[in-house]
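A structural walkthrough
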Amino acid sequence: MTLTEKRQQQIVIISIDGRLDTTNYQQLEGRVMHHLQQNHTTLMIDCSGMDYVSSAGLRIFLVALKKLTAAGGQLALCALRENIKEIFDISGFTGIFRIYATQQQALEALGQET
Amino acid sequence: MAAVAKNELTILNNISQIGLVSGLIEQVGNDNHLRKAEIMEMVLAAEEMISNTINYGYDDDKAHEISVIVMFKEDVLRIEIRDDAAAFDPLNVPPPEGLEMPATHRQPGGLGIHLARRLTDRITYQREKNTNLLFLEKKMTK
């Protein structure tokens, strides 16, 4: 898995490429915690390149959502692949995350509220 | 060291070796021209069960072997997982509660077995002497 990051105004965009699983979830957790410490509390995770996620990865998504929300911030996800959407559905995640089709749509939604 | 045969593999209880199991399942799936999405569902189910065993199944620091056999027969992909970890029947684990609840009420974790059960058609567990035997089965659409 590769993580890449960019900032667009106050929004941090983390793009996940590859497999997010039990062997590498700490990488994503570390980045989320880093941004929380830096008070970067508006995050977007671009999932267009993520072709696999296991429960270890799902856990980090939920932890990120809870911590960012508690800090008064926001988390949006975008561009989930079909197989990832299925995993989100089974996990009850589809209803609790703000999920957008494209990065642009997610940016617009986050931008309106910050 | 991981030993490889055609459709079976033995790994150690080290999370870094779990990719070898995924590779084996993908190889058997590809050899049988199965759909990638369905292969990956079985990869995920196996990863969830084996990572549970590695993370929670042992109370010593010794190396333990986990054996995996992958078979495709009569449209069913079948994964057999054999380990000497503490007896653990995943079928006794109740489904997670509150999946429909808002994030503030959700507790992180506890999704692995739920995912494995939902992504397979059948999971069977047996305890034989000091061995956990787990079978994951899924009918594949060719």
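Residues numbered from 1 in each chain as written. Chains lettered and ligands numbered in written order. Predicted model: local features only at pLDDT ≥ 70, side-chain atom pairs only at ≥ 80, totals over all residues. Heavy atoms only, no water.

**What to know about the sheet that holds strand E3 (residues 42-53) of chain A**
All names here are of chain A. Pairing is mixed across the open sheet formed by 5 strands, whose spatial order is E1-E2-E3-E4-E5. At either end of the open sheet lies a strand with only one pairing partner, and these are strand E1 (2-8) and strand E5 (98-100). On average, adjacent strands in this sheet sit at an angle of 25° to one another, irrespective of strand direction. Along the sheet face, helix H4 (residues 103-112) touches E1, strand E2 (11-20), E3, strand E4 (74-78) and E5 and points at about 155° away from the line of E3. (Pairing = 2+ DSSP bridges. Helix = DSSP H or I, 4+ residues; strand = E, 2+ residues; numbered from the N terminus. Axes fitted to C-alpha atoms, helices over the stretch in contact; angles between N-to-C directions. Contact = heavy atoms within 4.5 Å.)

**Quick notes on the side chain of A:Gln103**
Mapped onto the secondary structure, A:Gln103 falls in helix H4. In this structure A:Gln103 comes out as buried when scored by relative accessible area, which is 19%. (Buried < 20%, exposed > 50% of the residue type's maximum accessible area, 1.4 Å probe, protein only.)

**Side note on the nonpolar core**
For soluble globular proteins, nonpolar side chains are generally found buried alongside one another. A:Phe61, B:Ile25 and B:Leu136 are the most contacted members of the largest nonpolar core, which has 70 residues in total. Take this core: its biggest share by element is 10 residues, from helix H2 (residues 36-56) of chain B. Setting aside residues no more than four positions away along its own chain, B:Leu136 makes contact with B:Met42, B:Ala45, B:Ala46, B:Met49, B:Leu77, B:Arg78, B:Ile79, B:Ile81, B:Thr120, B:Arg122 and B:Ile123. Listed in part, the 11 residues of the second largest apolar core include A:Ala76, A:Ala79, A:Tyr100 and A:Leu107. (Core = buried A, V, L, I, M, F, W, Y, C linked by side-chain atoms within 4.5 Å.)

**Regarding the layout of surface pockets**
Estimates place the volume of the largest pocket at around 600 Å³. B:Glu48, B:Ser51, B:Asn52, B:Asn55 and B:Tyr56 are, among the 33 residues lining the largest pocket, the residues nearest its centre. Listing elements by their share of the lining of the largest pocket, those giving two or more residues are helix H2 (55-70) of chain A together with H2, strand E4 (76-83), helix H3 (112-119) and strand E6 (131-139) of chain B. Examining the composition of the lining of the largest pocket, we find that 7 residues originate from one element, H2(B), more than from any other. By residue class, the composition of the lining of the largest pocket is 18 nonpolar, 12 polar and 3 charged. In this model, the second largest pocket occupies a volume close to 240 Å³. As for the second largest pocket, its lining consists of 16 residues, and the residues nearest its centre are A:Asp51, A:Tyr52, A:Asn83, B:Ala37 and B:Met40. Taken together, the elements giving at least two residues each to the lining of the second largest pocket come down to E3 and helix H3 (82-90) of chain A together with H2 of chain B. A total of 5 residues in the lining of the second largest pocket trace back to one element, the largest contributor, which is H2(B). The residue makeup of the lining of the second largest pocket, split by class, is 8 nonpolar, 1 polar and 7 charged. (1 Å grid on protein atoms, 1.4 Å probe; cavity = no way out; pocket = protein on both sides within 12 Å on 5 of 7 lines; lining within 4 Å. Points joined across faces, edges and corners; volume = space filled by probe spheres on them. Nonpolar A, V, L, I, M, F, W, Y, C, P; charged D, E, K, R; others polar.)

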